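Coordinate inspection notes
One-letter residues, chain by chain:
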Amino acid sequence: MSSAISSREYLQRRSFIELDARTRAKSLFDSRTDRELAGPFDRIESPWLPLQGVTPQADDGCIVMRGTIGGRQAVVIAFDGAFQGGGIGEVSGAKLTSALDLACRDSQEGKPTSAVLLLETGGVRLQEANLGLAAVAEIISSIIALRQYAPVISVIAGPIGCFGGMSLAAGVSSYIVMTPEGRLGLNGPEVIEEESGVEEFDASDRSLIWSIYGGQQRYNQGLVDVLVDDDANQMIETVRDLIAQGIPEVHRSQQVDLYRSRITALDTSTQWDPAVVLWSAASLARPTGRDQRPTDDKKEHHQ
Amino acid sequence: MINQPQETGAKSWTTRREEKRRRTESVQPWLKGPILTPEKVVDALELLLKSGDRVVLEGDNQKQADFLSRSLVKVDPKKLHDLHLIISSISRPEHLTLFELGIAKKVDFSFAGPQSLRLAQLLEDGKIEVGAIHTYVELYARLLIDLIPDVVLVCAERADEQGNLYTGPNTEDTPVIVEAAAFHDGIVIAQVNQITDQLPRVDIPGSWVDVVVQADRPFALEPLFTRDPRKIDDLQILMGMMVIRGIYERHNVQSLNHGIGFGTAAIELLLPTYGESLGLKGKICQHWALNPHPTLIPAIESGWVKSVHCFGSEVGMDDYIAARPDIFFTGRDGRLRSNRVLCQLAGQYAVDAFVGSTLQMDGDANSSTVTKGRLAGFGGAPNMGHDPHGRRHASPAWLDLIPSPSPIARGRKLVVQVVETFHSGASPAFVETLDAVAVGQKAGMPIAPVMIYGDDVSHVVTEEGIAYLYKAEGQEERRRALAAVAGVSPIGLKAKPAETAALRKRGIVAYPEDIGVHRLQANRSLLAARSMEDLVAWSGGLYTPPPRFKSW
């Protein structure tokens, strides 16, 4: 993290992480343009959780809001990490997919509508496993449909991060924004520790975990477009800028050869130290349209 | 008629001194001054200790003489066995391996947190004999009375060639342990991280020390008092607000000790925000007996805190402390001088209030952290968490707890327990019978290992409200007051609405609204720091958290 934290000014910021999901979503919109769709008073709850002794939540942990951001049409979908770890179930998955599909329809009808996903999620909700997995497939295809017309921005602020199937959804979005406190990965640290033991991976060791999944590392690896401090104003500005910027020339997930070449170039015969960034940041071209340059892949592996 | 000795001169009055001389001479070949060749440490222990000796192994809940304990495990049990160990905190696996190997047989201790399961098992298998479980001060007191040590194994940061020791910020228990041996012809063996020509300051004079050995690696140190503000939840914040309003402000608490936990961390982080908004700065919480909790940094930086005396130090806090000598006790070298015994005494006699938490509490407010299968011991909590009847000086808070005026009434220390009615996983914190009762019986202990006795507790704070137990008249009313704040736990279900209403009217029970605390205001935005990064920022970069707490 930056040297900012050794100064008192850091304390004056308005933390984005500390905002709950609904407040996060609301904070991104131009003043008084936001309205919530399928909100808690519509009581669209998970029918599966009560059967398993889990109290459902009136919005199923997924908040959908529509309005304008920097004067442009946008929909924000925020996951509530405080409910079931932000896990995707049948209802929350359907809310997200429908929001993306409506944005896609509006965009096709000449009203470009960007989508911002505020991801605090461990992935598929275990209590609704198969339905959640199906939802992830739908979400991914809806993102890919929308991103032809308007940017889809994934924001991973923390503290939960973005894991499991939803990390794939983030991967196909147009831009990824993270804070240093955010984490992005397929298998979460607790899962790996449980499967392979604490010797292999100590999920309670924050510096180890963040050196692998953390925002700074993901940014250095070129998997993230913008790294922002935990500051609500910076976050709002970043999202507004990216929406204004529009669709990237080429999406990250279309650059299969680039990423494949990086993986093949990795020397896996020795144990990597997570503190050493896998691909040297200096020789690294940002692989999305935001800062697109021709790349010389051969130079990008470790030195 | 005065009894005359039968044969003058036949009895030696210097047996301990002679025995000490004999043993230390036997290791002379490996010594240069007091400095022992590290390769010979196991051989030296075999000669300096004798089977059946009473040996103190320094290991409190922060620093550990781990080079000496790892070396002691390597002695030949045929040569050295049946030691009586005195360990304030049984923290390291080899502490118990000593018993499995037969090198040690009996133990007197205070705390066994990390090893509490294995200790209970060894006790059941008859491999270990427990003298007693003590509080810290109590154990050190016995070193001077009936548990006088033959040998003490301690640790220091540095030594010079004369054997002077620098124990630095983590001085902790070393002075009292060394004193008990050095002045009663016991042998003092110290492990040090480093041997240098000059010491920053002398914490233990060389004339008290017999053998110094350089350790293979710096002594082990655990960051036990660091709580990540990210893990503080809204209920803990609500309880913190109630403590500030309903206890600190109400009774004018000037001096205090906080136990370690997220509840007390929340209070520390609420002082510069919520406390400030109530206009309480400079009016409460000015003097502390406290480990250097990182969560106290914002209160110190905002000018709430006038002084802090410390039991020990805390990993990552040393530079911050050194830069705030007006607040902390520091030596000429600028670094903290902690002292567990003195701080325990200070926390016992010189503070208005103790605030702590517990795992279980019964209907009479007795509490214990001993739960099924675990023999965790007490540490220092009972010293802080009782009303010392030897206190004679008055303070506003102490006087405020006199329930009814009387010419010879004495004041009372505030002993506050902050307890959420349920733990995660839906197990109630308020129970009919403490697990400690069954654990004590199974371990053959003469009394149940109760940490804080109910009659010492003046206030219990839960997310429901505050029970001002000291105001209750009689045992029955005390029970009703506690039940009124015990939620839907087995104890709380006994509360009757009409009785609770009457108790609230008389001020024996207060719910948040009764003391002007708004439940909806209780959220994390009230915390002065909400992450480790915030604490670093408050310290101006002087606090350096241990890696496992850092995500940057």
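Residues numbered from 1 in each chain as written. Chains lettered and ligands numbered in written order. Predicted model: local features only at pLDDT ≥ 70, side-chain atom pairs only at ≥ 80, totals over all residues. Heavy atoms only, no water.

A few words on the overall build of chain B. For chain B, the count of helices and strands is 18 helices and 22 strands. Against the compact-globule benchmark of 24 Å for 552 residues, chain B has a radius of gyration of 25 Å, which places it among compact chains. Based on the C-alpha atoms only, the size of chain B along its principal axes is roughly 75 × 60 × 55 Å. Across the 552 residues that make up chain B, the buried fraction comes to 58%. Contacts in chain B between residues far apart in sequence, at least 24 positions, make up 74% of those at least 6 positions apart. (Helix = DSSP H or I, 4+ residues; strand = E, 2+ residues; numbered from the N terminus. Rg over C-alpha atoms; globule rule 2.2 N^0.38 Å. Buried < 20%, exposed > 50% of the residue type's maximum accessible area, 1.4 Å probe, protein only. Contact = heavy atoms within 4.5 Å.)

Moving on: the domain arrangement of chain B. Residues and elements named next belong to chain B. Examined at the domain level, chain B breaks down into domain 1 (30–221) and domain 2 (229–537). Each of domain 1 and domain 2 was reduced to a C-alpha centroid, and the two centroids are 33 Å apart. Every contact between the two is made by 33 residues of domain 1 and, on the other side, 31 residues of domain 2. Here domain 1 packs against domain 2, burying approximately 2,500 Å² in sum over the two surfaces, 58% of which is carbon and sulfur. The three residues of domain 1 that bury the most area against domain 2 are I133, V137 and P169, which together make up 23% of that side's buried surface. Where domain 1 meets domain 2, there are 5 salt bridges. (Domains from an automatic or database assignment. Buried area = accessible area lost by both parts, 1.4 Å probe. Salt bridge = Lys/Arg side-chain N within 4 Å of Asp/Glu carboxyl O.)

Further remarks concern the side chain of D66 of chain B. Mapped onto the elements of the fold, D66 of chain B is located in helix α3 (residues 66–72). Contacts of D66 of chain B, omitting those with residues within four sequence positions, involve R92, E94, Q191, R217, P218, F219 and A220 of chain B.

Turning our eyes to something else, we now look at the packing of aromatic side chains. As enumerated under the stated definition, the model contains 5 aromatic pairs over all chains in all. Measuring from centroid to centroid gives 5.0 Å for F183 of chain B and W208 of chain B, while their planes differ by 80°, and the two rings are edge-to-face. Separated by 25 residues along the polypeptide, F183 of chain B in the loop between α7 (174–182) and β10 (187–195) and W208 of chain B in the loop between β10 and β11 (211–214) bring together distant segments of the chain. Since its relative accessible area comes to 52%, F183 of chain B is described here as exposed. When its relative accessible area of 22% is taken as the criterion, W208 of chain B is described as partly exposed. When the centroid spacing of 6.5 Å and the interplanar angle of 75° are considered together, the rings of Y468 of chain B and Y470 of chain B count as edge-to-face. With relative accessibility at 0%, the residue Y468 of chain B sits in the buried group. Three or more aromatic residues link up through ring pairs in this structure, and these residues are F163, F201 and Y213 of chain A. Taking the ring centre of F262 of chain B as reference, the NZ or CZ of R227 of chain B above it sits at 5.7 Å. Across the ring face of Y468 of chain B, the terminal group of K471 of chain B is positioned such that the distance to the ring centre comes to 5.6 Å. (Phe/Tyr/Trp six-rings, centres within 6.5 Å; stacked < 30°, edge-to-face > 60°. Lys NZ or Arg CZ within 6 Å of the ring centre and 35° of its normal.)

Our next topic: empty space enclosed by the protein. All names here are of chain A. Scanning all chains against the criterion turns up 2 cavities of 30 Å³ or more. Looking at the largest cavity, the residues that line it are L37, V64, R66, V75, A99, L102, A103 and T113. Taken together, the elements giving at least two residues each to the lining of the largest cavity come down to β2 (62–69) and α3 (90–108). The element contributing the most residues to the lining of the largest cavity is α3, with 3 residues. Grouping the amino acids of the lining of the largest cavity by side-chain chemistry returns 6 nonpolar, 1 polar and 1 charged. Roughly 30 Å³ of volume is contained in the second largest cavity. (1 Å grid on protein atoms, 1.4 Å probe; cavity = no way out; pocket = protein on both sides within 12 Å on 5 of 7 lines; lining within 4 Å. Points joined across faces, edges and corners; volume = space filled by probe spheres on them. Nonpolar A, V, L, I, M, F, W, Y, C, P; charged D, E, K, R; others polar.)

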